[in-house]
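Coordinates in review
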Amino acid sequence: MKIDNQVTLEFPSRSANEGFARAAAACFAAQLDPTLEEVNDVKTAVSEAVTNAIVHAYPDCLGKVVVKLRIKEERTLEIVVRDWGVGIADVDQARTPLFTTGSEDRSGMGFTIMESFMDTLKVRSAPGRGTSVTMARKISRRAGR
């Protein structure tokens, strides 16, 4: 699929950077003239993916998080969130609602939320090598535009 535009963000796994990634994704998506609901869905999915990388990939240290935003053919927004942290031993188990490797204040709903707000969600991970979360959402063409 042809890429019409793209941007890559790289930042340390500090919780303050979650808001930056969320806002940057919304600003990048704005060129597709999304509805407010579509923007909020994208922001929520990015927030969940970046938070997962910050909290779970690097539980005891700072690491690198990369967010790639791409606009592809047919108004499809693709978002890749990548880390080089501890990785996920069992991706299927991690995608199960309410499962978490975090503290008891974590809901275990991150992947479920991402999946519900995006059209597709793919998770690739290897223990000790990190995780890559790829999400895509087709942004509708608004009437009269």
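Attention here is on the structure that accompanies the text. Given the structure is predicted, the values throughout are model-derived calculations rather than measurements. Position labels on residues start from 1 in each chain and follow its written sequence. Under the rules for a predicted model, residues below a pLDDT of 70 receive no local features and side-chain atom pairs below 80 are neither given nor counted, while totals for whole chains, interfaces and linings still include all residues. Each side-chain value is worked out from all heavy atoms of the structure, with water and hydrogens disregarded.

Focus on the overall build of the protein chain
For the record, the criterion: Every helix listed is a DSSP run of H or I at least four residues long, and every strand listed is a run of E at least two residues long, numbered separately from the N terminus. Think of it in three bands: with a 1.4 Å probe and only protein chains considered, a residue is buried below 20% of the maximum accessible area for its type, exposed above 50%, and partly exposed in between. Contacts: residue pairs with any heavy atoms within 4.5 Å of one another. For the accessible areas, the method is Shrake-Rupley and the probe is 1.4 Å, while residue cover comes only from the protein chains on display.
Along its length, the protein chain carries 4 helices and 5 strands. In sequence order, the secondary structure elements of the protein chain are arranged as β-α-α-β-β-α-α-β-β. The buried share of the protein chain, reckoned over its 145 residues, is 43%. In the protein chain, once contacts between residues fewer than 6 apart in sequence are set aside, the share between residues at least 24 apart is 66%. On the protein chain, roughly 7,900 Å² of surface is accessible, and the fraction owed to carbon and sulfur atoms is 49%.

Points about the nonpolar core
Note the cut-off: Buried residues of nine kinds, namely Ala, Val, Leu, Ile, Met, Phe, Trp, Tyr and Cys, make up a nonpolar core once their side-chain atoms join them within 4.5 Å.
By size, the foremost hydrophobic cluster in this structure holds 33 residues, and its most contacted members are Val 67, Leu 77, Ile 79 and Met 135. Of all the elements, helix α2 (residues 36-57) adds the most residues to this core, at 8 residues. If we ignore the near neighbours within four places in the chain, the residues touching Ile 79 are Val 42, Val 46, Val 67, Lys 68, Leu 69, Met 118, Val 133, Thr 134 and Met 135.

Side note on the packing of aromatic side chains
Filter applied, for reference: Two aromatic rings from Phe, Tyr or Trp, using only the six-membered ring of Trp, form a pair when their centres are within 6.5 Å; if the ring planes differ by under 30 degrees the pair is stacked, by over 60 it is edge-to-face, and anything between is tilted. Remark: a charge is flagged as sitting over a ring if the NZ atom of Lys or the CZ atom of Arg is within 6 Å of the ring centre and within 35 degrees of the ring normal.
One pass over the structure, following the stated rule, counts 1 aromatic pair. Both rings, one in Phe 11 and one in Phe 20, keep their centres 6.3 Å apart while their planes meet at 90°; by these two values the pair is edge-to-face. The class of Phe 11 is buried, set by a relative accessible area of 5%. Above the plane of the ring of Trp 84 lies Lys 64, whose end atom (NZ or CZ) is 4.5 Å from the centre.

Thoughts on the packing of α2 against helix α4 (residues 110-117)
Applied cut-off: As a rule, the C-alpha atoms of each element are fitted with a line to give its axis, helices using only the stretch in contact, and angles between N-to-C directions run from 0 to 180 degrees. Oblique is the label for any angle not covered by the other classes, which are roughly parallel (under 35 degrees), roughly antiparallel (over 145) and roughly perpendicular (65 to 115). Two helices crossing with the near one rotated counterclockwise from the far one by less than a right angle form a left-handed crossing, whereas a clockwise rotation gives a right-handed crossing. Note on residue classes: Ala, Val, Leu, Ile, Met, Phe, Trp, Tyr, Cys and Pro are nonpolar, Asp, Glu, Lys and Arg are charged, and everything else, Gly too, is polar.
The contact between α2 and α4 brings their axes to 9 Å, and the two run at 155°. Looking at the two axes, α2 sits roughly antiparallel to α4. As α2 runs across α4, the sense of the crossing is left-handed. Side by side, α2 and α4 meet where Asp 41, Thr 44, Ala 45, Glu 48, Ala 49 and Asn 52 of the first sit next to Gly 110, Phe 111, Ile 113, Met 114 and Phe 117 of the second. Per-class residue counts for the contact of α2 with α4 are 6 nonpolar, 3 polar and 2 charged.

Describing the side chain of Arg 70
What counts, and what does not: Think of a polar contact as two N or O atoms within 3.5 Å of one another; within protein, one of them needs to be a possible hydrogen donor and the other a possible acceptor, and neighboring residues in sequence only count if both atoms come from side chains.
Looking at the secondary structure, you find Arg 70 in strand β2 (residues 64-72). One polar contact links Arg 70 to Glu 78, side chain to side chain, over a distance of 2.6 Å.

Quick look at unusual backbone geometry
Residue Asp 33 is not a glycine yet carries a positive backbone phi of 55°. Phi at Glu 74 is positive, roughly 60°, even though this residue is not glycine. Looking at the secondary structure, you find Glu 74 in the loop between β2 and β3 (76-83).

A few points about the pattern of salt bridges
Our working definition: Salt bridges are counted wherever a side-chain nitrogen of Lys or Arg sits within 4 Å of a carboxyl oxygen of Asp or Glu.
Inspection of the entire model under this criterion finds 4 salt bridges. Glu 78 is the salt-bridge partner of Arg 70, the closest N and O atoms lying 2.6 Å from each other. Taken as a pair, Arg 70 and Glu 78 share a single burial class, namely buried. Note that Lys 72 and Glu 78 form a salt bridge whose closest N and O atoms lie 3.1 Å from each other. The class for Lys 72 is buried, based on a relative accessible area of 15%.

Looking at the sheet that holds strand β5 (residues 130-138)
Two pairing modes exist for strands in a sheet, parallel and antiparallel, and in both the strands are linked by backbone hydrogen bonds. The line we're drawing: Pairing between two strands requires that DSSP report at least two bridges joining them.
Judged by pairing direction, the sheet is antiparallel, and its 5 strands sit side by side in the order β1-β2-β3-β5-β4 without closing on themselves. Of all the strands in the sheet, the pair left with one neighbour each is β1 (3-12) and β4 (120-126). For this sheet, the mean inter-axis angle between neighbouring strands, taken without regard to orientation, is 10°.

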